[in-house]
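For reference, the chains in residue letters:
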Amino acid sequence: MVGTHPTERSTAMASRLNPYIGFKDSARAAMEFYQSVFGGELTVSTFGEFGQPGPGADNVMHAQLETPSGYTIMASDTPEGMPYEDGSRITVSLSGDDGDELRRFWDGLAEGGTVTMPLEKQMWGDEFGMVNDKFGVGWLVNISGQQSGDAPAG
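If you're wondering where the values come from, they're calculated on a predicted model, not measured in any experiment.

## Describing the overall build of the protein
The number of helices and strands found in the protein is two helices and eight strands. Ordered by position from the N terminus, the helices and strands of the protein form the series β-α-β-β-β-β-α-β-β-β. When burial is assessed residue by residue, the protein has 35% of its 154 residues classed as buried. Long-range contacts, defined here as pairs at least 24 residues apart, represent 52% of the contacts in the protein between residues at least 6 apart. Total accessible area on the protein is roughly 9600 Å²; 54% of this is exposed by carbon and sulfur atoms.

Written out as C-alpha coordinates, the structure is:
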(Lines give C-alpha, C1' and ligand atoms only; values in the text may rest on other atoms or scores of the structure.)
Protein backbone atom coordinates (compact mmCIF):
# COMPACT_ATOMS: atom_id res chain seq x y z
CA MET A 1 0.00 0.00 0.00
CA VAL A 2 1.43 3.31 -1.03
CA GLY A 3 1.66 5.92 1.73
CA THR A 4 0.79 3.57 4.59
CA HIS A 5 3.39 2.59 7.14
CA PRO A 6 2.83 -0.93 8.52
CA THR A 7 2.81 0.33 12.12
CA GLU A 8 0.35 3.18 11.53
CA ARG A 9 -3.01 2.97 13.24
CA SER A 10 -5.82 5.09 11.94
CA THR A 11 -7.79 5.29 15.18
CA ALA A 12 -5.40 4.48 18.03
CA MET A 13 -3.52 7.20 19.85
CA ALA A 14 0.15 6.52 20.51
CA SER A 15 1.09 6.08 24.15
CA ARG A 16 2.62 9.15 25.76
CA LEU A 17 5.03 9.60 28.63
CA ASN A 18 5.12 12.93 30.44
CA PRO A 19 5.77 14.49 33.85
CA TYR A 20 2.98 14.66 36.42
CA ILE A 21 3.58 17.12 39.26
CA GLY A 22 1.84 16.92 42.61
CA PHE A 23 1.03 20.03 44.64
CA LYS A 24 -0.61 20.87 47.94
CA ASP A 25 -3.39 23.38 47.14
CA SER A 26 -1.40 25.28 44.47
CA ALA A 27 -1.72 23.23 41.25
CA ARG A 28 -3.93 25.81 39.50
CA ALA A 29 -1.53 28.69 40.19
CA ALA A 30 1.47 26.59 39.16
CA MET A 31 -0.14 25.43 35.91
CA GLU A 32 -1.25 28.99 35.06
CA PHE A 33 2.36 30.04 35.64
CA TYR A 34 3.65 27.25 33.36
CA GLN A 35 1.12 28.34 30.73
CA SER A 36 2.48 31.91 30.95
CA VAL A 37 5.99 30.56 30.40
CA PHE A 38 5.38 27.89 27.74
CA GLY A 39 2.10 29.07 26.14
CA GLY A 40 -0.48 26.55 25.00
CA GLU A 41 -3.87 25.30 26.07
CA LEU A 42 -4.57 24.56 29.73
CA THR A 43 -7.47 22.37 30.86
CA VAL A 44 -8.35 22.07 34.54
CA SER A 45 -10.82 19.77 36.32
CA THR A 46 -11.61 20.13 40.02
CA PHE A 47 -12.53 17.47 42.56
CA GLY A 48 -15.91 19.22 42.96
CA GLU A 49 -16.69 18.79 39.25
CA PHE A 50 -16.51 15.04 39.84
CA GLY A 51 -18.78 15.10 42.87
CA GLN A 52 -16.34 15.45 45.75
CA PRO A 53 -17.78 18.00 48.20
CA GLY A 54 -15.97 19.68 51.02
CA PRO A 55 -13.07 22.03 51.55
CA GLY A 56 -10.99 20.49 48.73
CA ALA A 57 -13.75 20.65 46.10
CA ASP A 58 -12.10 23.59 44.30
CA ASN A 59 -8.69 21.93 44.26
CA VAL A 60 -7.34 20.52 41.00
CA MET A 61 -8.07 16.84 40.37
CA HIS A 62 -6.28 17.02 37.01
CA ALA A 63 -4.71 19.79 34.94
CA GLN A 64 -3.04 19.39 31.58
CA LEU A 65 -1.03 21.91 29.59
CA GLU A 66 -0.42 21.17 25.90
CA THR A 67 2.21 23.55 24.58
CA PRO A 68 2.90 24.67 21.00
CA SER A 69 6.36 23.06 21.30
CA GLY A 70 4.78 19.66 21.88
CA TYR A 71 5.38 19.52 25.64
CA THR A 72 2.69 18.15 27.91
CA ILE A 73 2.73 18.95 31.61
CA MET A 74 0.17 17.41 33.97
CA ALA A 75 -0.53 18.23 37.61
CA SER A 76 -2.97 17.84 40.48
CA ASP A 77 -3.46 18.84 44.09
CA THR A 78 -3.05 16.14 46.71
CA PRO A 79 -6.58 14.95 47.62
CA GLU A 80 -7.93 15.67 51.09
CA GLY A 81 -6.91 12.92 53.50
CA MET A 82 -3.89 11.75 51.47
CA PRO A 83 -0.43 12.56 52.78
CA TYR A 84 1.60 15.12 50.85
CA GLU A 85 5.28 14.30 50.70
CA ASP A 86 7.45 17.08 49.36
CA GLY A 87 9.95 14.66 47.81
CA SER A 88 7.32 12.84 45.73
CA ARG A 89 6.14 15.80 43.71
CA ILE A 90 6.91 14.38 40.27
CA THR A 91 5.41 11.18 38.92
CA VAL A 92 5.66 9.70 35.42
CA SER A 93 2.38 9.43 33.53
CA LEU A 94 1.67 6.89 30.78
CA SER A 95 -1.56 7.47 28.86
CA GLY A 96 -3.24 6.49 25.63
CA ASP A 97 -5.91 4.21 24.24
CA ASP A 98 -3.85 1.09 23.48
CA GLY A 99 -5.12 -0.88 26.46
CA ASP A 100 -3.08 -4.01 25.74
CA GLU A 101 0.19 -2.08 25.56
CA LEU A 102 -0.53 0.05 28.63
CA ARG A 103 -1.66 -2.98 30.70
CA ARG A 104 1.61 -4.72 29.74
CA PHE A 105 3.55 -1.65 30.91
CA TRP A 106 1.46 -1.62 34.12
CA ASP A 107 2.20 -5.30 34.82
CA GLY A 108 5.92 -4.76 34.29
CA LEU A 109 6.06 -1.68 36.52
CA ALA A 110 4.01 -3.39 39.25
CA GLU A 111 6.30 -6.47 39.35
CA GLY A 112 8.32 -6.05 42.53
CA GLY A 113 6.68 -2.68 43.15
CA THR A 114 3.77 -1.38 45.22
CA VAL A 115 0.33 -0.72 43.71
CA THR A 116 -1.10 2.34 45.44
CA MET A 117 -4.31 2.42 43.36
CA PRO A 118 -5.36 -0.61 41.28
CA LEU A 119 -5.69 -0.17 37.52
CA GLU A 120 -9.47 -0.09 37.15
CA LYS A 121 -12.34 1.91 35.65
CA GLN A 122 -12.76 5.35 37.20
CA MET A 123 -15.62 7.85 37.48
CA TRP A 124 -14.36 9.79 34.44
CA GLY A 125 -14.66 6.69 32.25
CA ASP A 126 -11.01 5.68 31.85
CA GLU A 127 -9.04 2.90 33.47
CA PHE A 128 -6.52 4.44 35.85
CA GLY A 129 -4.01 3.17 38.39
CA MET A 130 -1.00 4.26 40.40
CA VAL A 131 2.08 2.19 41.17
CA ASN A 132 5.52 2.77 42.67
CA ASP A 133 8.01 0.59 40.84
CA LYS A 134 10.69 -1.46 42.59
CA PHE A 135 13.03 1.55 42.47
CA GLY A 136 10.49 3.83 44.17
CA VAL A 137 9.51 5.78 41.05
CA GLY A 138 5.82 6.70 40.95
CA TRP A 139 3.87 5.90 37.79
CA LEU A 140 0.32 6.80 36.71
CA VAL A 141 -1.28 4.72 33.97
CA ASN A 142 -4.42 5.98 32.22
CA ILE A 143 -6.17 4.00 29.49
CA SER A 144 -8.67 6.18 27.65
CA GLY A 145 -12.24 4.92 27.77
CA GLN A 146 -14.36 4.60 24.66
CA GLN A 147 -16.24 7.84 24.29
CA SER A 148 -19.62 7.61 22.58
CA GLY A 149 -19.08 10.64 20.41
CA ASP A 150 -18.89 12.95 23.43
CA ALA A 151 -16.18 15.57 23.13
CA PRO A 152 -14.96 17.34 26.25
CA ALA A 153 -16.18 20.91 26.57
CA GLY A 154 -13.38 23.35 26.16
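## Digging into the sheet that holds strand S3 (residues 60–66)
The strand order across the open sheet built from eight strands is S2-S3-S4-S1-S5-S8-S7-S6, with neighbouring strands paired in mixed fashion. Each having just a single partner strand, strand S2 (41–46) and strand S6 (114–121) make up the two edges of the open sheet. Strand-to-strand, the axes of this sheet are offset by a mean angle of 20 degrees, without reference to chain direction. Where strand S5 (residues 90–96) meets strand S8 (residues 138–143), five bridges bridge the pair, whose relative direction is parallel.

## Topic: the pattern of salt bridges
A side chain of one charge can pair with a side chain of the opposite charge when the charged atoms of the two come close. Following the criterion strictly, the structure yields three salt bridges and no others. Among the salt bridges present, the one from Arg103 reaches Asp100, with a minimum N-O distance of 4.0 Å. Residue Arg103 and its partner Asp100 are located together in helix H2 (residues 99–110), separated by three residues, close to a single helical turn. Look at Arg103 and you get partly exposed, because its relative accessible area is 31%. The exposure class assigned to Asp100 is exposed, which follows from its relative accessible area of 64%.

## Digging into H2
When the terminal C-alpha atoms of H2 are compared, their 16 Å separation across 12 residues agrees well with the 16 Å that a helix rising 1.5 Å per residue should span. For H2, the full list of buried residues reads Gly99, Leu102, Trp106, Leu109 and Ala110. Projection of H2 onto a plane perpendicular to its axis shows the buried side chains occupying an angular sector of 95 degrees, all on one side. In H2, the exposed positions that point more than 90 degrees away from the buried face belong to Asp100, Arg104 and Asp107. For H2, the secondary structure elements touched by its buried residues are S5, S6, strand S7 (127–132) and S8.

## Here we look at the side chain of Asn18
Within the fold, Asn18 resides in strand S1 (residues 16–23). Beyond its immediate chain neighbours, meaning those up to four positions away, Asn18 contacts Thr72, Met74, Thr91, Val92 and Ser93.

## Some words on unusual backbone geometry
Backbone geometry at Asp25 places phi at a positive 70 degrees, although glycine is not the residue there. Structurally, Asp25 is set in the loop between S1 and helix H1 (27–38). Classification of Asp25 by relative accessible area gives partly exposed; the value is 46%.

## Here we look at the nonpolar core
Counting residues in each nonpolar core, the largest one holds 11 residues, listed as Val92, Leu94, Leu102, Trp106, Leu109, Ala110, Leu119, Val131, Trp139, Val141 and Ile143. Those elements giving two or more residues to this core turn out to be S5, H2 and S8. Broken down by element, this core gets its largest block of residues, four residues, from H2. Once residues lying within four places of it in the same chain are set aside, the contact partners of Ile143 are Gly96, Gly99, Leu102, Arg103, Leu119, Asp126 and Glu127. Counting 10 residues, the second largest nonpolar core, distinct from the first, contains Phe23, Ala27, Ala63 and Leu65.

About the criteria used
- Residues numbered from 1 in each chain as written.
- Predicted model: local features only at pLDDT ≥ 70, side-chain atom pairs only at ≥ 80, totals over all residues.
- Heavy atoms only, no water.
- Helix = DSSP H or I, 4+ residues; strand = E, 2+ residues; numbered from the N terminus.
- Buried < 20%, exposed > 50% of the residue type's maximum accessible area, 1.4 Å probe, protein only.
- Contact = heavy atoms within 4.5 Å.
- Areas by Shrake-Rupley, 256 points an atom, 1.4 Å probe, with all protein chains shown as cover.
- Pairing = 2+ DSSP bridges.
- Axes fitted to C-alpha atoms, helices over the stretch in contact; angles between N-to-C directions.
- Salt bridge = Lys/Arg side-chain N within 4 Å of Asp/Glu carboxyl O.
- Expected span 1.5 Å × (residues − 1).
- Arc of directions from axis to C-beta.
- Core = buried A, V, L, I, M, F, W, Y, C linked by side-chain atoms within 4.5 Å.

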